Amino acid sequence: MTKTSKEKLKTAGINILAIAVLIPILFPIYWLVISALQSPESIISIPPKLLPTDFSLYFVKKVFTEFGVGQYLLNSVLLSVLATALTLCIACLAAFSYTAYRYRMRETFSKSILFVHMFPQILIIIPLYLLMSKLHLINTWAGLTLCYIAFEMPICVWTMQSYFETIPRDLIDAAEIDGLTRLKTLPKIFLPVALPGLAASGIMTFIGIWNNFLLCNTLIIDADKKTLPVIVADFASRDNMMQGDILAASLVVCIPSFLFALFAQRYLVGGLTQGAVKA
């Protein structure tokens, strides 16, 4: 067997293995989409059709008109965008202070942030509920937003810190010689150069907040204040809900995070400091 044949065989084997791994990952997504877009007659047919011929927006329209999914979708969008923006702002300031300044216990500060992230939400949900109750923040978006920020902050700080540390020190010194103060280098130097890191942190934070079920389900009591993932879970316990209704609502939950990641991924391409320092 020639060297070219061996390379082709190796490539074919890798492709087959990749397809075999992707099938169990992508099939649930495929089944969700085609089931949510079927007519009521097709979705209850036995045996189920892997390749349906008739598609319908019946269930998608139904969850918006009869079950008010649009209101919960708006709640999720507003909370996720607000909490993501605040998390990124605080994380950038924290990562910048660690990178640009020299002070005692810097390493302790960095490690302690990651240590906090190791605690699962379910482990501290009762103390968290008691704390929010003492602060009179139960059943408020302010309390829920604070909890979102607290749980998403550690990984966001670590991501931004790793990007900030790759910025050449010469670039920062040159900016300070040109008259920029240390604090002004954050918006002028750090953020433009670390835009891929900011995008990656934003994507992870937004998706983490968007999909968060436990915090909203625990801290929010009024139904009109709940987010879409919590409402979709409530749908499953209703006797009058059809399979298509739940799948259509689940599809609506998935679309915003998918579109957000699709939009933000273009900022992930390119070098961190490409073109920032002249040769």
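Computed from a predicted model, the values in this text were never measured in an experiment.

Draft legend 1. The arrangement of the overall build of the protein in detail. For the protein, the helix and strand inventory stands at 13 helices and zero strands. Its helices and strands taken in sequence order, the protein reads α-α-α-α-α-α-α-α-α-α-α-α-α from the N to the C terminus. Expected size for 279 residues packed as a compact globule is a radius of gyration near 19 Å; at 24 Å, the protein overshoots this value by more than 25%. With the C-alpha coordinates aligned to their principal axes, the bounding extent of the protein is approximately 75 × 70 × 30 Å. In the protein, which comprises 279 residues, the share counted as buried stands at 38%. A total accessible area of about 16400 Å² is found for the protein, and carbon and sulfur atoms account for 70% of it. Averaged over its 21 positive side-chain charges, the protein has a centre that lies 9 Å from the centre of its 16 negative ones.

Draft legend 2. Layout of the environment of Lys111. Inspection of the secondary structure puts Lys111 in helix H5 (residues 106-117). As for Lys111 and Trp158, which are separated by 47 residues in sequence, their C-alpha atoms are 9.4 Å apart.

Draft legend 3. Here's a closer look at the pattern of salt bridges. Tallied over the entire structure, the rule returns three salt bridges. Note that Lys225 is salt-bridged to Asp222, the shortest N-O span being 4.0 Å. You can call Asp222 partly exposed: its relative accessible area is 32%.

Draft legend 4. Structural view of the confidence of the model for the protein. Mean pLDDT over the protein works out to 82, with 92% of the residues at or above the 70 mark. Predicted confidence for residues 270-279 stays below pLDDT 50, and this span has twelve contacts to residues more than four positions away or in other chains.

Draft legend 5. The nonpolar core, seen in detail. Counting residues in hydrophobic clusters, the biggest one holds 22 residues, and the most contacted among them are Val63, Val69, Leu228, Phe235 and Ala248. Elements represented by at least two residues in this core include exactly helix H1 (3-36), helix H3 (58-65), helix H4 (69-100), helix H10 (195-210), helix H12 (228-235) and helix H13 (243-264). Setting aside chain neighbours within four positions, we find Ala248 in contact with Ala36, Phe59, Val60 and Val63. By size, the runner-up hydrophobic cluster in this structure holds 17 residues, among which are Ala83, Leu128, Leu144 and Leu219.

Draft legend 6. Representation of the side chain of Glu152. Following the sequence through the fold, Glu152 ends up in helix H7 (residues 141-164). Lys226 is the oppositely charged side chain nearest to the buried, salt-bridge-free Glu152, at an N-O distance of 20 Å. The residues contacting Glu152, other than those within four sequence positions of it, are Thr87, Met204, Thr205, Gly208 and Ile209.

Draft legend 7. Looking closely at helix H6 (residues 121-134). Helix length check: H6 (14 residues) gives 19 Å between terminal C-alpha atoms against 20 Å at 1.5 Å per residue, within 8%. Approximately 35 degrees is the largest bend angle found in H6, and it occurs at Pro127. Buried residues in H6 make contact with H7 and helix H11 (214-219). A positive phi of about 60 degrees marks His136, the residue just after H6.

Draft legend 8. Representation of helix H9 (residues 185-193) within the structure. Taken together, the buried positions of H9 are Thr185, Leu186, Ile189, Phe190 and Val193. All buried residues of H9 lie within an arc of 115 degrees about the axis, which places them on one face of the element. Contacts made by the buried residues of H9 are with H4, H7, helix H8 (169-177) and H10.

Draft legend 9. Fine view of the packing of H8 against H9. In contact at an axis separation of 11 Å, H8 and H9 are set at 155 degrees when each is read in the N-to-C sense. Here H8 lies roughly antiparallel to H9, going by the angle between them. For the element pair H8 and H9, the recorded crossing hand is right-handed. Across the interface between the two elements, Leu171, Ile172, Ala175 and Glu176 from H8 touch Thr185, Ile189, Phe190 and Val193 from H9. Across the contact of H8 with H9, the residue classes tally to six nonpolar, one polar and one charged.

Parameters and conventions
Residues numbered from 1 in each chain as written. Predicted model: local features only at pLDDT ≥ 70, side-chain atom pairs only at ≥ 80, totals over all residues. Heavy atoms only, no water. Helix = DSSP H or I, 4+ residues; strand = E, 2+ residues; numbered from the N terminus. Rg over C-alpha atoms; globule rule 2.2 N^0.38 Å. Buried < 20%, exposed > 50% of the residue type's maximum accessible area, 1.4 Å probe, protein only. Areas by Shrake-Rupley, 256 points an atom, 1.4 Å probe, with all protein chains shown as cover. Lys, Arg positive; Asp, Glu negative; His and termini not counted. Charge placed at Lys NZ, Arg CZ, Asp CG, Glu CD. Salt bridge = Lys/Arg side-chain N within 4 Å of Asp/Glu carboxyl O. pLDDT = per-residue confidence, 0-100. Contact = heavy atoms within 4.5 Å. Core = buried A, V, L, I, M, F, W, Y, C linked by side-chain atoms within 4.5 Å. Expected span 1.5 Å × (residues − 1). Bend = angle between axes of the 7 residues up to and from the residue. Arc of directions from axis to C-beta. Axes fitted to C-alpha atoms, helices over the stretch in contact; angles between N-to-C directions. Parallel < 35°, antiparallel > 145°, perpendicular 65-115°, else oblique. Left-handed = near helix turned anticlockwise from the far one by under 90°. Nonpolar A, V, L, I, M, F, W, Y, C, P; charged D, E, K, R; others polar.

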